[in-house]
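Commentary on secondary and tertiary structure
The chain contents come next:
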Amino acid sequence: MLDVRRLRVLKEVAEQGSFSAAAESLAYTQSAVSQQIAALERESGATLVDRGPRGIRLTDAGRALVTHAEDILCRLGAAEAELEAIAGRVRLSAFPTAGATLVPLAVKTFIARHPAVELQLYEREPEDAVVMLKSGELDIALSIGYEGAGTVHNPTDGVEEIDLCEDPTYLAMPADHRFARKTRARLSDFAEESWIHSACKGTCGAVALKALHNAGFEPTVVFETDDYNVAQGLVAAGMGVTLLPEMALQNLREDIVVRPLGTQVTHRRIMACLLEGAYRSPATEAMVGILHEAVAEHTTARQELAA
């Protein structure tokens, strides 16, 4: 096996025309250059350099090896550059509500601190994002876990889940609803209401139905939608009531009211998912930290709005 470092020394000797000039260029001693060439000749089993009173001359074997060395070192440099580019890249996916709340805050901070790092964003539902994460197409996937009200979250095999925050569930009703003046809502009081149901991909719709079943009734579902803004519009039009996560209240309409449900329903856990045991670039680690900062900023903004 030929040593790449010695190939680099041979190439420099060929370009400089002498051991002394190559030594000066490489910041080696002349003796070290001579030793490196001698070791390379032993590795290759051929004389690479003729040493004469008038200087050195490459043999046919030496010239052939220098030609290959140039190609090898060029490709090695390209590989190193590509690895540096990968280390300077973050591929992040987010589901829609996180994409509208946490991600803009995180992106703004990340670009300000790391302007040279390439940032790629994808909008993906958690189930699809985890598949991309496992296939190496993502570095970080924002995902959701559900806990509370009899539900236990089961971690995904091969994925490290880093908790970012809780995203509590609210009940949304028209502003003129008979229970609109109450500060808290009881799901059982809405058993006879028409319901706007979340038909989103994944577990969120099933979790919402389970909460209503746990409250003792089978809801009368009049509309289904996977768009929380559409759900707000239907509620405002008096078509029914619905359950909304807090992150979906970024653009809360003035003609509906929302009330907290506390432990009556399963709460969402927002997580940053990374491939377990995989290498994490400094840029990826930086983004995880900035996502925590974005959560704190978002929480402060929500508290100020509520006040």
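These lines cover the structure that appears in this document, whether it is placed above or below. Keep in mind that what you see is a predicted model, and the values were worked out from it rather than measured.

**Structural notes on the packing of helix H2 (residues 19-26) against helix H3 (residues 30-44)**
Look at H2 against H3: their axes get within 8 Å of each other, and the N-to-C directions meet at 105 degrees. Considered as vectors, H2 and H3 are oriented roughly perpendicular to each other. Contacts from Phe19, Ser20, Ala22 and Ala23 of H2 reach H3 at Gln30, Val33, Ser34 and Ile37. For the contact of H2 with H3, the per-class residue count stands at five nonpolar, three polar and no charged.

**Thoughts on helix H5 (residues 96-113)**
For H5, with 18 residues, the first-to-last C-alpha span of 25 Å sits near the 26 Å given by 1.5 Å per residue. The largest bend along H5 measures about 45 degrees and falls at Leu102, with the proline Pro104 one to four residues further on. Within H5, burial applies to Thr97, Ala98, Thr101, Leu102, Val103, Ala106, Val107, Thr109 and Phe110.

**A short note on the nonpolar core**
Side chains of nonpolar character tend, in soluble globular proteins, to be buried together. Phe110, Ile140, Leu142, Ile270, Met287 and Leu291 are the most contacted members of the largest nonpolar core, which has 32 residues in total. Apart from residues lying up to four places away in sequence, Phe110 is in contact with Val90, Val117, Leu119, Ala283, Ala286, Met287 and Ile290. In this structure, Phe179, Ala185, Val241 and Val257 belong to the second largest nonpolar core, which totals 18 residues.

**So, the pattern of salt bridges**
As a working rule, side chains carrying opposite charge can pair if their charged atoms are close by. Counting across every chain of the model gives 15 salt bridges. Where Lys11 meets Glu15, a salt bridge forms, and the shortest distance between an N and an O atom there is 2.7 Å. One end of the pair, Lys11, and the other, Glu15, are both in helix H1 (residues 4-16), four residues apart, so they sit about a helical turn from each other. Of the charged contacts, one joins Glu160 and Arg280 as a salt bridge, the two residues approaching to 2.2 Å between their closest N and O atoms.

**Some words on a nonpolar patch on the surface**
The grouping of Val222, Phe223 and Met239 at the surface amounts to a nonpolar patch, some 230 Å² of accessible area in total. Structurally, Val222 can be placed in strand E9 (residues 220-225). Here Val222 falls in the partly exposed class, since its relative accessible area comes to 36%.

**Focus: the pairing of strand E5 (residues 140-147)**
The buried count for E5 comes to seven of eight residues, which makes it a mostly enclosed element. Alignment of strand E3 (residues 89-94) against E5, held across two bridges, turns out to be parallel. Bridge pairing in E5 links Ser93 to Ala141. Pairing between E5 and strand E12 (residues 267-275): seven bridges, direction antiparallel. The partner of Ala141 across the bridge, within E12, is Cys273.

**Things to note about the sheet that holds strand E6 (residues 159-167)**
Strands in a sheet are paired, the pairing made by backbone hydrogen bonds, and the direction either parallel or antiparallel. Read across the open sheet, the five strands follow the order E4-E3-E5-E12-E6; overall the sheet is mixed. Of all strands in the sheet, those bounded by a partner on one side alone are strand E4 (118-123) and E6. This sheet shows a mean twist of 30 degrees between the axes of neighbouring strands, independent of strand direction. Of the strands in this sheet, E3, E5, E6 and E12 are in contact with helix H6 (residues 126-134), which crosses E5 at around 135 degrees.

Criteria and thresholds
Residues numbered from 1 in each chain as written. Predicted model: local features only at pLDDT ≥ 70, side-chain atom pairs only at ≥ 80, totals over all residues. Heavy atoms only, no water. Axes fitted to C-alpha atoms, helices over the stretch in contact; angles between N-to-C directions. Helix = DSSP H or I, 4+ residues; strand = E, 2+ residues; numbered from the N terminus. Parallel < 35°, antiparallel > 145°, perpendicular 65-115°, else oblique. Contact = heavy atoms within 4.5 Å. Nonpolar A, V, L, I, M, F, W, Y, C, P; charged D, E, K, R; others polar. Expected span 1.5 Å × (residues − 1). Bend = angle between axes of the 7 residues up to and from the residue. Buried < 20%, exposed > 50% of the residue type's maximum accessible area, 1.4 Å probe, protein only. Core = buried A, V, L, I, M, F, W, Y, C linked by side-chain atoms within 4.5 Å. Salt bridge = Lys/Arg side-chain N within 4 Å of Asp/Glu carboxyl O. Patch = residues over 30% accessible without salt bridge, like charges linked within 9 Å, V, L, I, M, F, W, Y side chains within 5 Å. Areas by Shrake-Rupley, 256 points an atom, 1.4 Å probe, with all protein chains shown as cover. Pairing = 2+ DSSP bridges.

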